[in-house]
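Residue-level structural notes
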Amino acid sequence: MRDLIANLEHKLFHLEKSQVYLREILEECPNDSEFEAALNENNIIIKNKREEITDLKLLLQSIDPAYYIENRNVPSNIYLSNQVNVLDTSHDVTVAAASSSSEGLFL
């Protein structure tokens, strides 16, 4: 289960990193609906992945109390960049998603 959490956190890190690139592209091409849709889809996926990671950590803590002791001083967003603001809703639109990938869109 620890490997699963680490894997999800790693994927989340890269998805959030791709959001930075999508935002840069949107600044250059503000009317590109595909990139805007990808950004919005990724925001939803990021929120869901964070919830999944939190749920898994709580489950792991309940079945392995040592996990809490080992990780109580480790920030939950250790893999996340401080420069990424993934819950930025300034581009919040209801455009159809460019892809239905459950892992999000990467550049």
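In the block above lies the structure referred to throughout.
In this report, we go over the structure that sits alongside the text. (Residues numbered from 1 in each chain as written. Predicted model: local features only at pLDDT ≥ 70, side-chain atom pairs only at ≥ 80, totals over all residues. Heavy atoms only, no water.)

**Here's the deal with the overall build of the protein**
Tallying secondary structure elements over the protein gives 3 helices and 0 strands in all. In sequence order, the protein lays out its α and β elements as α-α-α. Evaluated residue by residue, the protein yields a buried proportion of 30% over its 107 residues. Considering only contacts within the protein whose residues lie at least 6 apart along the sequence, 81% involve residues at least 24 apart. Accessible surface, the protein as shown: approximately 7,000 Å² in total, 53% of it carbon and sulfur. (Helix = DSSP H or I, 4+ residues; strand = E, 2+ residues; numbered from the N terminus. Buried < 20%, exposed > 50% of the residue type's maximum accessible area, 1.4 Å probe, protein only. Contact = heavy atoms within 4.5 Å. Areas by Shrake-Rupley, 256 points an atom, 1.4 Å probe, with all protein chains shown as cover.)

**Concerning the pattern of salt bridges**
Scanning the entire structure with this criterion turns up 5 salt bridges. For Glu 16, the salt bridge is made with Arg 50, and the minimal N-O distance between the two is 2.8 Å. Of this pair, Glu 16 sits in helix H1 (residues 2-28) while Arg 50 sits in helix H2 (residues 33-63); the two residues are 34 residues apart in sequence, bridging distant segments of the chain. A salt bridge links Glu 52 to Lys 49, with the nearest nitrogen and oxygen atoms 3.8 Å apart. Note that Glu 52 and Lys 49 are positioned in helix H2 at a spacing of 3 residues, about one turn of the helix. Residue classification places Lys 49 among the buried residues on the basis of a relative accessible area of 13%. (Salt bridge = Lys/Arg side-chain N within 4 Å of Asp/Glu carboxyl O.)

**Some details on H2**
With 31 residues, H2 extends 45 Å between its outermost C-alpha atoms, agreeing within 8% with the 45 Å of an ideal straight helix rising 1.5 Å per residue. The N-terminus of H2 is capped by Asp 32, whose side-chain oxygen sits 3.1 Å from the backbone nitrogen of Glu 34. (Expected span 1.5 Å × (residues − 1). Polar contact = N/O pair within 3.5 Å; in protein donor to acceptor, adjacent residues only side chain to side chain.)

**Here's the deal with the nonpolar core**
If you look at the biggest cluster of nonpolar residues, it comprises 10 residues: Ile 5, Leu 8, Leu 12, Leu 15, Ile 45, Ile 46, Ile 53, Leu 56, Leu 60 and Tyr 67. Listed by contribution, the elements that provide at least two residues to this core are H1 and H2. Tallying contributions element by element places H2 first for this core, with 5 residues. Ignoring anything within four residues of it in the chain, the contact list for Ile 53 reads Ile 5, Leu 8, Glu 9 and Leu 12. (Core = buried A, V, L, I, M, F, W, Y, C linked by side-chain atoms within 4.5 Å.)

**Some remarks on the packing of H1 against H2**
One way to put it is that H1 packs onto H2 with a least axis distance of 9 Å and a crossing angle of 160°. Relative to H2, the element H1 is oriented roughly antiparallel. When you trace H1 past H2, the crossing you get is left-handed. Classifying every residue of the contact of H1 with H2 gives 16 nonpolar, 4 polar and 9 charged. (Axes fitted to C-alpha atoms, helices over the stretch in contact; angles between N-to-C directions. Parallel < 35°, antiparallel > 145°, perpendicular 65-115°, else oblique. Left-handed = near helix turned anticlockwise from the far one by under 90°. Nonpolar A, V, L, I, M, F, W, Y, C, P; charged D, E, K, R; others polar.)

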